[in-house]
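A look at the structure
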Amino acid sequence: MATVNLNPNGCPVGATNVVGSSTSIHSIQGKDQWVKLNVGGTCFLTTKTTLSRDPNSFLSRLIQEDSDLISDRDETGAYLIDRDPRYFAPVLNYLRHGKLVLDDGLSEEGVLEEAEFYNVTHLIGLLKDNIARREQRPAADKKRVYRVLQCQENELTQMVSTMSDGWRFEQLINIGTQYNYGAEENAEFLCVVSKECANTLIGREVESNDRAKVLQQKGSRM
């Protein structure tokens, strides 16, 4: 009976472990293909192929071995980018599948700011075209929606300064002092804000819209 000596991998001595070598090579290649980005504290995992869809973009230049861009990395090795992650997600998804998809609450203007920062050329053109068409739509296709926010006096400055996505301040209504905190009294206010929306979004805002109009009329008489 012939005796066959096995190496530690279970293969005959002198034979090549083809499967093991192939798996190892593919594992290394796959690992090198993936890239981690830490955008404003939120981590995104994507591939070099995706980030290279626009070769002139900031993202494509960032991952090049001879990159002229300097970027710090976090403890996991992710590239650190100080931008808003909510608006980065549509940019990354556009590079993945070539379509612009916006979640509720995200404005095209906000995504355009990010597309211009990352220099994604085709997305910049698409967003500018969309915004231009939207602004040229007849006034009948648009309607101003109102909302009412209740806040205390010491919260007013922060609330007004952090309004975004097209919301603007309309009116402030003093509804009196409701709470005492130590020796200080904090007045309560109703803050009416508005935003121009397409008619397709109006249905969800009817109740807030009607309430705000009533409060505006009441406030004008106070």
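None of these values were measured; they are calculated from a predicted model.

1. Looking at the side chain of serine 57
- Mapped onto the elements of the fold, serine 57 is located in the loop between helix H2 (48-51) and helix H3 (58-62).
- Setting aside residues up to four positions removed in sequence, serine 57 forms contacts with Leu51, Tyr118, Asn119 and Val120.

2. Observations concerning the packing of aromatic side chains
- Under the counting rule described, the total for this entry stands at 5 aromatic pairs.
- An angle of 45° between the planes, with centres 5.5 Å apart, marks the rings of phenylalanine 58 and phenylalanine 117 as tilted. Placement of phenylalanine 58 in helix H3 and of phenylalanine 117 in helix H5 (residues 108-118) is noted, with a sequence separation of 59 residues between them.
- Within the aromatic cluster, the residues linked to one another by ring pairs are Phe44, Phe58, Phe88, Phe117 and Tyr118.
- Directly above the aromatic system of tyrosine 79 lies the positively charged group of arginine 73, at a separation of 4.0 Å from the ring centroid.
- Lying over the aromatic face of phenylalanine 117, arginine 83 brings its terminal NZ or CZ to 4.1 Å of the ring centre.

3. Let's talk about the sheet that holds strand S2 (residues 42-47)
- A sheet is described by the order of its strands in space; here 3 strands give the open sequence S2-S1-S3, paired in mixed fashion. The strands lining the two open edges of the sheet, one partner per strand, are S2 and strand S3 (79-81). In this sheet, adjacent strand axes meet at a mean angle of 30° when their direction is disregarded.
- Examined bridge by bridge, strand S1 (residues 34-39) and S2 share 6 bridges and lie antiparallel to one another. The residue bridging leucine 37 from the neighbouring strand is phenylalanine 44, located in S2.
- Sitting on the sheet, helix H4 (residues 85-97) touches S1 and S2, and the angle it makes with S2 is about 10°.

What counts and what doesn't
Residues numbered from 1 in each chain as written. Predicted model: local features only at pLDDT ≥ 70, side-chain atom pairs only at ≥ 80, totals over all residues. Heavy atoms only, no water. Helix = DSSP H or I, 4+ residues; strand = E, 2+ residues; numbered from the N terminus. Contact = heavy atoms within 4.5 Å. Phe/Tyr/Trp six-rings, centres within 6.5 Å; stacked < 30°, edge-to-face > 60°. Lys NZ or Arg CZ within 6 Å of the ring centre and 35° of its normal. Pairing = 2+ DSSP bridges. Axes fitted to C-alpha atoms, helices over the stretch in contact; angles between N-to-C directions.

It is worth stressing that arrangement in space is one thing and function is another; only the former is reported here.
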